[in-house]
Amino acid sequence: MPKLFIPGPVHVSEKTFRAFCKPMIGHRSGDFKKLYGGIQPRLKELFQTEQPVFLSTSSAWGVMEGAVRNLVGAGKVLNCMCGAFSDKWLDVSKRCGKEAVALQVEWGQPIRGEALRAALGAGGFDAVTLIHNETSTGVMSDIREIAAVMREFPDVCLVVDTVSSFSVVPIPMDELGIDVLLTGSQKALAMPPGLALFAASRKAMDRAAKVAGRGYYFDFVEFAKNQAEDMTPSTPSISHIYALESKLDDIFTEGVATRHARHAENNAIVHEWVRGHGLDFFAPEGFRSKSLTCVANNKGIDVAELAKRVKERGFVMDQGYGKLKGKTFRISNMGDETPATMREYLAALDASLA
Ligand SMILES: *Cc1c(COP(=O)(O)O)cnc(C)c1O
């Protein structure tokens, strides 16, 4: 099978797959509670929170929708939009029957604190949704700048999607006052798709308790009730939890700071490659993702042809997301990649370009 270098799902290691395939256990058994409770301290450390970390058997969208259903009552939700995933959150909020307001910036641009402040100034908001690292455009917004503005609006909850930035850069949930921090399994964490991880602040949990129409599957109150006994509301993907335990071993053996540094180094290698080929970045300086690079195709490369050749060399290449297809292409450096494996992939790109 060709190795994935697309920005999700990303390549899954043999070790993670071996953990994924461990024998099944009952989800109300002592063995399960030991597994679930056992990974909590490390999950909290990674989330940089005192709150429990919930595991949802769904892709990230389950929790993204769930956050809207739990935190937005009669008030409005402000959806910060700067790419495919963040734009979609407006649509999802509306489908949940919420009054959703768009804070739209051009694809390729970040969400800025000033624009957020101006939008929230209208009043009447229950929550803000933000995608920290917009995977479709390779833009990383400044989470500290956003969090600082949110402090001026203490009644509004901040929901942050870190699907492609979690464990790539520090995102101190409690320190920044993030109310819901969520991520998925198949991108930055390099696990198979199908699991979402999230934590909710006290403020978020108090709000959820008062909001009607939370449903069942993504009800934060249900998650908290079951968490108290090291369980999930319904039968979880136990295989994913085994894989997560194995991944946490990897992360803490490497060290979180070393992991961040490795991603920065991987990312710098890609940036050097982009500059060396006279290519442009789709994202502006200062707001470029550390987990992937969205390359602007200013050289008129036949991206589809390039991807075909790259595949013959054993790699799957991204060809740009949605309306950016062919105009951009993205290079992921998420998960377990190292400077050596990044160079291997870039060499395959070079050979295919020649
Ligand atoms: C991939 C992605 C999602 C959606 O994840 P699913 O696993 O498909 O639900 C959401 N947000 C970001 C930033 C992503 O990159």
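Residues numbered from 1 in each chain as written. Predicted model: local features only at pLDDT ≥ 70, side-chain atom pairs only at ≥ 80, totals over all residues. Heavy atoms only, no water.

A.B. asks: How would you sum up the site of the ligand? Please name residues and give values.
C.D. replies: Surrounding the ligand, one finds Ser59, Ala60, Trp61, Met64, Phe85, Ile131, Asn133, Thr135, Asp161, Val163, Gln186 and Lys187. In this structure, an oxygen atom belonging to the ligand sits 2.7 Å away from a side-chain N or O atom of lysine 187. Expressed as a share of its isolated accessible area of 390 Å², the protein-covered part of the ligand is 90%. Considering every element that reaches the shell around the ligand, the biggest residue donor is helix H3 (residues 60–71), with 3 residues. (Near = heavy atom within 4 Å. Polar contact = N/O pair within 3.5 Å; in protein donor to acceptor, adjacent residues only side chain to side chain. Areas by Shrake-Rupley, 256 points an atom, 1.4 Å probe, with all protein chains shown as cover. Helix = DSSP H or I, 4+ residues; strand = E, 2+ residues; numbered from the N terminus.)

A.B. asks: Can you lay out the sheet that holds strand E4 (residues 99–104) for me, pointing to particular residues and giving the numbers?
C.D. replies: Strand pairing within a sheet occurs via backbone hydrogen bonds; the two strands may be parallel or antiparallel. Pairing is mixed in the open sheet, where 7 strands are placed in the order E2-E10-E9-E8-E5-E3-E4. Every interior strand has two partners, whereas the edge strands, strand E2 (53–56) and E4, have only one. Between one strand and the next, the sheet's axes are offset by a mean angle of 20°, whatever the strand orientation. Relative to strand E8 (residues 157–161), strand E5 (residues 125–131) runs parallel, the two sharing 5 bridges. Bridged to alanine 127 within E8 is cysteine 157. (Pairing = 2+ DSSP bridges. Axes fitted to C-alpha atoms, helices over the stretch in contact; angles between N-to-C directions.)

A.B. asks: With reference to specific residues and values, describe the sheet that holds strand E12 (residues 292–296).
C.D. replies: Across the sheet, which stays open at both edges, the 3 strands sit in the order E11-E12-E14 with antiparallel pairing between neighbours. One side of each edge strand has no neighbouring strand; the edge strands of this open sheet are strand E11 (280–281) and strand E14 (328–332). Relative to E12, E11 is paired through 2 bridges, and the arrangement is antiparallel. Within E12, the position partnered with aspartate 280 by the bridge is alanine 296. Sitting on the sheet, helix H11 (residues 256–276) is in contact with E11, E12 and E14, with an inclination near 10° to E12. (Contact = heavy atoms within 4.5 Å.)

A.B. asks: I'd like to hear about the pairing of E4, residue by residue, with values.
C.D. replies: Bridge analysis of strand E3 (residues 76–81) against E4 gives 6 bridges, and the strand direction is parallel. Paired with asparagine 79 across the two strands is alanine 102, which belongs to E4. Taken together, E3, helix H4 (residues 84–95) and E4 constitute a β-α-β crossover, and its handedness is right-handed. (Right-handed = clockwise from strand over helix to strand, strands pointing away.)

A.B. asks: Describe in detail the domain arrangement of the protein, supporting the description with residues and values.
C.D. replies: Split by domain assignment, the protein resolves into domain 1 (3–9 + 256–353) and domain 2 (14–252). Contact with domain 1, which involves 24 residues of that partner, is made by 31 residues of domain 2. Overall, the association of domain 1 and domain 2 removes approximately 2300 Å² of surface from exposure, summing both partners, and the carbon and sulfur fraction of that is 65%. Summed over the three residues of domain 1 that lose the most area to domain 2, namely Arg259, His260 and Phe287, the buried surface amounts to 27% of that side. Taken together, the links from domain 1 to domain 2 amount to 1 salt bridge. Scanning the region where domain 1 abuts domain 2 turns up 9 residue pairs in polar contact (both at pLDDT 80 or more). (Domains from an automatic or database assignment. Buried area = accessible area lost by both parts, 1.4 Å probe. Salt bridge = Lys/Arg side-chain N within 4 Å of Asp/Glu carboxyl O.)

A.B. asks: Before we move on, can you summarise helix H9 (residues 220–227) with the specific residues and values?
C.D. replies: Of the residues making up H9, those classed as buried are Phe220, Glu222, Phe223, Asn226 and Gln227. Buried residues of H9 fall within an arc of 160° about the axis and therefore sit on the same side. Here H9 starts with a cap whose side-chain oxygen sits 2.9 Å from the backbone nitrogen of valine 221, and that cap is aspartate 219. (Buried < 20%, exposed > 50% of the residue type's maximum accessible area, 1.4 Å probe, protein only. Arc of directions from axis to C-beta.)

A.B. asks: Break down the nonpolar core for me, with residues and values.
C.D. replies: Nonpolar side chains in soluble globular proteins tend to be buried together. Counting residues in each nonpolar core, the largest one holds 53 residues, and the members touching the most others are Leu55, Leu116, Leu120, Val128, Ile178, Leu197 and Leu244. For leucine 55, the contacting residues outside a window of four places in its chain are Tyr36, Ile39, Leu43, Leu195, Ala196, Leu197, Phe223, Thr232, Ile241 and Leu244. With 30 residues, the next largest nonpolar core counts Met81, Val159, Val163 and Phe220 among its residues. (Core = buried A, V, L, I, M, F, W, Y, C linked by side-chain atoms within 4.5 Å.)

A.B. asks: Would you mind going over the pattern of salt bridges in detail, with residue names and values included?
C.D. replies: Oppositely charged side chains can pair when the atoms bearing their charge come close. Scanning the entire structure with this criterion turns up 19 salt bridges. Here aspartate 250 and lysine 15 are joined by a salt bridge, their closest N and O atoms 2.5 Å apart. Pair noted here: aspartate 250 is in helix H10 (residues 238–254) and lysine 15 is in helix H1 (residues 14–20), with a separation of 235 residues, a long-range link. Taking relative accessible area as the criterion, lysine 15 reaches 34% and is therefore assigned partly exposed.

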